[in-house]
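Observations on the three-dimensional arrangement
So the chains spell out like this:
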Amino acid sequence: MRLLSHLLRRFIEKGRLVVRTPDGGTHAFGSGADGPSVTVRFTDEKVARELFLNPELKAAEAYMDGRLVFEDGGTVFDLLLLFSVNRRGLAAHPVQAALRKVWRALRRRQQSNRIGQAADNVKSHYDHPAAFYRLWLDESMSYSCAYFDDPDEPLEVAQRNKMRHVAAKLQLSPGQHVAEIGSGWGGLAIYLATTCGVKVTAINVSPDQLAESRRRAEAAGVADRIEFLEVDYRELKGKYDRVVSIGMMEHVGVQHFDDYFGTLRGLLKPGGFALVHAIGRMSPPGTTAPFIRKYIFPGGYVPALSEVTAATERTGLWVADCEVLRLHYYWTIRAWRQRYEARRDEVVVMMGERFARMWDFYLAAVELGFLHGSNMVFQLLLSERRDDVPVRRDYMVDTERALADAEGAGAAEGAARRA
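Figured I'd write up the structure that's included with this text. Quick caveat: nothing in here was measured; it's all calculated off a predicted structure.

A short note on the packing of aromatic side chains
To describe a pair of aromatic rings, you give the distance between the ring centres and the angle between the ring planes. Within this structure, the stated rule accounts for 25 aromatic pairs. Relative to Tyr143, the ring of Tyr133 has its centre 5.4 Å away and its plane inclined at 55°; by these criteria the two rings are tilted. Of this pair, Tyr133 sits in helix α9 (residues 130-134) while Tyr143 sits in the loop between α9 and α10 (155-170), and the two are ten residues apart along the sequence. Residue classification places Tyr133 among the buried residues on the basis of a relative accessible area of 0%. Taking NZ or CZ as reference, Arg337 lies 4.0 Å from the ring centre of Phe77, over its face. One residue, Arg357, lies across the ring of Tyr63, its end atom 5.3 Å from the ring centre.

Some points on helix α18 (residues 353-371)
In this model α18 runs 27 Å from its N-terminal to its C-terminal C-alpha over 19 residues, within 8% of the 27 Å that 1.5 Å per residue would give. In terms of residue burial, α18 counts as a mostly covered element, since 14 of its 19 residues are buried.

Considering the sheet that holds strand β3 (residues 37-42)
Sheet architecture is open: four strands sit in the order β2-β1-β3-β4, paired in mixed fashion. Edge positions in the sheet fall to β2 (26-29) and β4 (68-71), since each has one partner strand and no second. Neighbour to neighbour, the strand axes of the sheet diverge by 25° on average, direction disregarded. Summarising the sheet, β3 and β4 pair through four bridges and their orientation is antiparallel. When the bridges of β4 are listed, Phe42 appears paired with Leu68. Its contacts with the sheet place helix α1 (residues 2-11) against β1 (16-20), β2 and β3, and it is angled at close to 25° to β2.

Regarding the side chain of Glu153
Turning to its location among the elements, Glu153 is positioned in the loop between α9 and α10. This buried residue, Glu153, is left without a salt bridge; Arg164 holds the nearest opposite charge, at 7.4 Å. Within polar-contact distance, the side chain of Glu153 engages the side chain of Asn161 at 3.0 Å. When residues no more than four places from it in sequence are discounted, the contact partners of Glu153 are Tyr147, Phe148, Ala158 and Asn161.

Cut-offs applied
Residues numbered from 1 in each chain as written. Predicted model: local features only at pLDDT ≥ 70, side-chain atom pairs only at ≥ 80, totals over all residues. Heavy atoms only, no water. Phe/Tyr/Trp six-rings, centres within 6.5 Å; stacked < 30°, edge-to-face > 60°. Helix = DSSP H or I, 4+ residues; strand = E, 2+ residues; numbered from the N terminus. Buried < 20%, exposed > 50% of the residue type's maximum accessible area, 1.4 Å probe, protein only. Lys NZ or Arg CZ within 6 Å of the ring centre and 35° of its normal. Expected span 1.5 Å × (residues − 1). Pairing = 2+ DSSP bridges. Axes fitted to C-alpha atoms, helices over the stretch in contact; angles between N-to-C directions. Contact = heavy atoms within 4.5 Å. Lys, Arg positive; Asp, Glu negative; His and termini not counted. Salt bridge = Lys/Arg side-chain N within 4 Å of Asp/Glu carboxyl O. Polar contact = N/O pair within 3.5 Å; in protein donor to acceptor, adjacent residues only side chain to side chain.

Purely geometric numbers; function is a separate question.
Encoded structure:
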């Protein structure tokens, strides 16, 4: 416990952490002010040593394995909140700083996403049963940042807002052909086909998501307007009026950014443009946290905007528009975590206790990363020529309002028919 105590004394300034060890000892760290108070118990002597060497990974694994136990009413969210408000102190510790240098040196290997390997990495996260995600996502099964008019807006409404916001930026006309790179459970493709009257070719490398997407498109009556393909983005052929990619760039890996943006450019018809919506960081380039890298998104990486624009420069694309959504994903993940916790008993029955604990840690960690860390979401409009995207942003607001009015009229008509 001596080494870990040295780390925790330097690390925890806000709040308070009480550690109870197997030998009956009790160790307290922090002033107790400006942060949560958390009490944990280690069930074996190895936990302290493991946490000193790699706290971000080993805290998660010890919790998942029942070797780090919360007492006095504490939760994993409380512990991660304590870590979050003290994050600068952890990164400044010499051992942790050295560890981050090693991670940075290895990041290109860690983010290798060759064709085939990329599919395996994606399947490790997305090929859990659709019924699991259905427990806590909204009805559209959107698994990306929503767009809130108000922080307490219902998740279903905020996800619909996001689809409308994206559609408005794309300036779609009926009959156009849209390529969607990384189509999730098909929610956006279904929205674009239904609301905007376009044809969509949507690609994914997760067979389970594709099967669910096809079922949902059939139920929505737009299966004839959407083609779902199991193909890597680098293998998609054809030319499209628009290309849209939501929550996909995070899975590409830093050494494949040029492949990604080069592919988007190659898919566009003359005069077409692309929208990229992805998680980014406002801080300089970094690495993927070890828990996320090992258990949640192998091969994934959240880029700095400097890395993104460097890649668009190399591939000859205009960044015609950039919007940074700073708190919207915090509000989104907060809603997911609350909905997940309300159904956690069902998760345990479906997936097991260890999996449920892994998801406890994941949702809490990423929520706090968007509240206290450097994470945000950006939306880019990309084009080959400087004037392919309208040179004034007014069209986005005008189109968004028109889509909202059309949706409202459609809902009223549907309600009248049911009555």
